[in-house]
Amino acid sequence: MLHIYQASLNSRLLLGTARFPSPAVLSQAVRAARAEVVTVSLRRESSGERSGQGFWGLIRELGVLVLPNTAGCHTVKEAVTTAHMAREVFGTSWIKLEVIGEDDTLQPDVFGLTEAARILCQEGFEVFPYTTEDLVVADRLLAAGCGVLMPWGAPIGSGRGLNNLFGLRALRAHFPGVPLIVDAGLGVPSHAAQALELGFDAVLINTAIAQARDPVQMAAAFAQAVEAGLAARLAGPIEPRDLAEPSTPVLGTAFRG
Amino acid sequence: MRILLNGAWREIAGVELAAALEELGYGERVVATAVNEEFVAASARARTALAEGDRVEVLAPTQGG
């Protein structure tokens, strides 16, 4: 069971809702992923449109927890205002805080992020900061009041997996009691399994599932991968070695001596 | 007066944000609002007066990652 703020989650797979081929496929993928938390966002809507209302109805029917994001925000002010708007519309104090610093990599602006996190935590939000694997930034975010961290695996949508294994291992080792969710950049289920094997508590997947040829089947594959990764972590993986160590008993080998 | 609604100029007659939203056709829809980058809660829309040139954002739920 994963405890984040007041929530207790069985599922270690959080699912983004963007870029699916249709609302029906999105619904099926949420079920196939066995996700208990999905991310959502806010966008401008003209008075002639109804898409936002339909989308929100669909999400409510799924009966999952929603984690609104501040995607697209580049300043502290934008992120804080968006968080307030999201809290009212979605009826949750949870906010996946994104303050983007660089458009090619969508790398977090960690200075703006820590400032926005400080403001929002003081205002009673439960902040899920989208951050890098930087230990000092992580410290600042925790000091600001964040109860969970969401380090990137690789740039959003890149599908490259865990880019900085050393940094991610150090983060896990440095904050043993803090829920850590790898967010962004995972491409295939083995990446998710690896994150859980390293001791990360969960992963947030969007593009890798939504843009797969068969998103529902891929959602199921990711669900299996996180379960396998968690089970492996709990089972205690062996330490890698540089040299071979015979697995078959050596004592009593024929033709020796 | 003219306001900048979601990045486009619109002419409105209403003075308060609540009246402007009604006039602009948002009615009872689930939206969040901000004026000049400041959040305006739904409960505060009826007493939030708009001024010429105000930047009004009306946001609705959408897919997100």
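Let us look at the structure shown here. This one's a predicted model, so the numbers in the text were calculated from it and none came from an experiment.

Contacts between the two partners involve 30 residues from chain A and, on the opposite side, 26 residues from chain B. In terms of surface lost to chain B, no three residues of chain A exceed A:Arg44, A:Met85 and A:Glu88, which account for 27% of the buried area on that side. There are four salt bridges connecting chain A and chain B. Notably, a salt bridge pairs A:Glu45 with B:Arg29, separated by 3.1 Å at the nearest N-O pair. Only strand E4 (37–44), helix H2 (51–62) and helix H3 (76–90) of chain A provide two or more residues apiece to the side of chain A that touches chain B. Broken down by element, the side of chain A that touches chain B gets its largest block of residues, seven residues, from H3(A). Within the side of chain A that touches chain B, the residues separate by chemical class into eight nonpolar, 13 polar and nine charged.

Turning our attention to the packing of aromatic side chains. Residue and element names in this part refer to chain A. All told, the structure shown has three aromatic pairs over all chains when counted by the stated rule. Relative to Phe90, the ring of Trp56 has its centre 5.0 Å away and its plane inclined at 85 degrees; by these criteria the two rings are edge-to-face. Note that Trp56 is positioned in helix H2 and Phe90 in helix H3, a separation of 34 residues in sequence. Residue Trp56 shares its accessibility class with Phe90, and that shared class is buried. Taken together through their ring pairs, the aromatic side chains of Tyr5, Trp94 and Phe128 make up a single cluster. Sitting above the plane of the Phe125 ring, Arg87 keeps its charged end 3.9 Å from the centroid. Stacked on the ring of Tyr130, the Lys or Arg Lys96 has its end atom at 5.8 Å from the ring centre.

This next bit is on the sheet that holds strand E10 (residues 150–151) of chain A. Residue and element names in this part refer to chain A. The strand order across the open sheet built from three strands is E6-E9-E10, with neighbouring strands paired in parallel fashion. The outermost strands of the open sheet, each flanked by one partner alone, are strand E6 (94–97) and E10. In the sheet, E6 pairs with strand E9 (residues 126–131) via four bridges, with the strands oriented parallel. In the strand pairing of E9, Trp94 is matched with Glu126. The strands touched by helix H4 (residues 110–122) are E6 and E9; relative to E9, the strand with the most contacts, the crossing angle is about 175 degrees.

All names here are of chain B. The backbone of Asn36 shows a phi angle near 50 degrees, a positive value even though the residue is not glycine. Residue position: Asn36 is located in the loop between strand E3 (32–35) and strand E4 (38–40). Note on Asn36: relative accessible area 28%, which makes it partly exposed. Positive phi is not limited to glycine here, since Glu37 has a value of about 70 degrees. Relative to the helices and strands, Glu37 is located in the loop between E3 and E4.

A few words on helix H1 (residues 23–33) of chain A. Residues of H1(A) that are buried include every one of A:Val25, A:Leu26, A:Ser27, A:Ala29, A:Val30, A:Ala32 and A:Ala33, and no others. Looking at the packing, one finds that the buried side of H1(A) touches strand E3 (13–16), E4, H2, helix H8 (207–210) and helix H9 (215–235) of chain A.

On to the side chain of B:Thr62, then. Examined against the element boundaries, B:Thr62 turns out to sit in strand E5 (residues 55–63). One polar contact links B:Thr62 to B:Gln63, side chain to side chain, over a distance of 2.9 Å. Once residues lying within four places of it in the same chain are set aside, the contact partners of B:Thr62 are A:Val40, A:Ser41, A:Leu42, A:Arg43 and A:Phe55.

Rules used throughout
- Residues numbered from 1 in each chain as written.
- Chains lettered and ligands numbered in written order.
- Predicted model: local features only at pLDDT ≥ 70, side-chain atom pairs only at ≥ 80, totals over all residues.
- Heavy atoms only, no water.
- Contact = heavy atoms within 4.5 Å.
- Buried area = accessible area lost by both parts, 1.4 Å probe.
- Salt bridge = Lys/Arg side-chain N within 4 Å of Asp/Glu carboxyl O.
- Helix = DSSP H or I, 4+ residues; strand = E, 2+ residues; numbered from the N terminus.
- Nonpolar A, V, L, I, M, F, W, Y, C, P; charged D, E, K, R; others polar.
- Phe/Tyr/Trp six-rings, centres within 6.5 Å; stacked < 30°, edge-to-face > 60°.
- Buried < 20%, exposed > 50% of the residue type's maximum accessible area, 1.4 Å probe, protein only.
- Lys NZ or Arg CZ within 6 Å of the ring centre and 35° of its normal.
- Pairing = 2+ DSSP bridges.
- Axes fitted to C-alpha atoms, helices over the stretch in contact; angles between N-to-C directions.
- Polar contact = N/O pair within 3.5 Å; in protein donor to acceptor, adjacent residues only side chain to side chain.

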